[in-house]
Structure formats: structure tokens, C-alpha cells
Amino acid sequence: MQPFDLADAGVGIGLIGMLLGVYLLYEKRQARKLDRIIAEKEAAMNAPEQRTATPQ
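Within each chain, residue numbers correspond to sequence positions counted from 1 in written order. Thresholds applied to this predicted model are a pLDDT of at least 70 for local features of residues and 80 or more for the giving and counting of side-chain atom pairs; totals over whole chains, interfaces and linings are not thresholded and use all residues. As a convention, hydrogens and water are excluded, and side-chain values are obtained from all of the structure's heavy atoms.

(A) Highlighting the overall build of the chain. Counting secondary structure elements, the chain contains one helix and zero strands. With 56 residues in all, the chain has 0% of them scored as buried. Carbon together with sulfur atoms contributes 63% to the accessible area of the chain, which is approximately 6000 Å² in total. Under the scheme used here, helices are H or I runs from DSSP no shorter than 4 residues and strands are E runs no shorter than 2 residues, and both carry numbers assigned from the N terminus. Buried, partly exposed and exposed residues are distinguished by accessible area as a fraction of the type maximum, computed with a 1.4 Å probe on protein chains only: under 20%, between the cut-offs, and over 50%, respectively. Areas reported as accessible are Shrake-Rupley estimates using a 1.4 Å probe. Residue values count occlusion only from the protein chains shown.

(B) Representation of a nonpolar patch on the surface. Like-charged residues are merged into a patch within 9 Å and nonpolar side chains (Val, Leu, Ile, Met, Phe, Trp, Tyr) within 5 Å, provided each residue has over 30% relative accessible area and no salt bridge. A pair is scored as a salt bridge if a Lys or Arg side-chain nitrogen falls within 4 Å of a carboxyl oxygen belonging to Asp or Glu. On the surface, Leu 20, Tyr 23, Leu 24 and Tyr 26 cluster together into a nonpolar patch covering about 440 Å² of accessible area. In this structure, Tyr 26 sits in helix 1 (residues 6–46). Given the relative accessible area of 45%, Tyr 26 is considered partly exposed.

What follows is the structure, encoded as C-alpha cells:
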């Protein structure tokens, strides 16, 4: 069995950190996408109703 190497631990921690960073960026992007969808739906709900022209 080889002795514990601190460089190997650093590489492992770095990889875990990178994966966590990528995942958090993905979640941030998804949250912004969802917020945009919600804002569009709220704007559509709060918009005044447009009357259609009725023939007389």
C-alpha cells in the first residue's frame, strides 16, 4: 500500500469542487428560465383584456 499523498487528495477535492460548480451553474440557469416563464405568464394574466370587434 502506498503512503497517503496530499497531491492526490487535492486533485480529488478540486474535481469535486468543479463538479459542484458546474451543477450550481446549471441550477442557476434553470431557475432563471423558470422565473422568465413565470413572469411571462403573470404578465399575460395581468394584461387588460382586449375586446374583439363584434359585427353589428
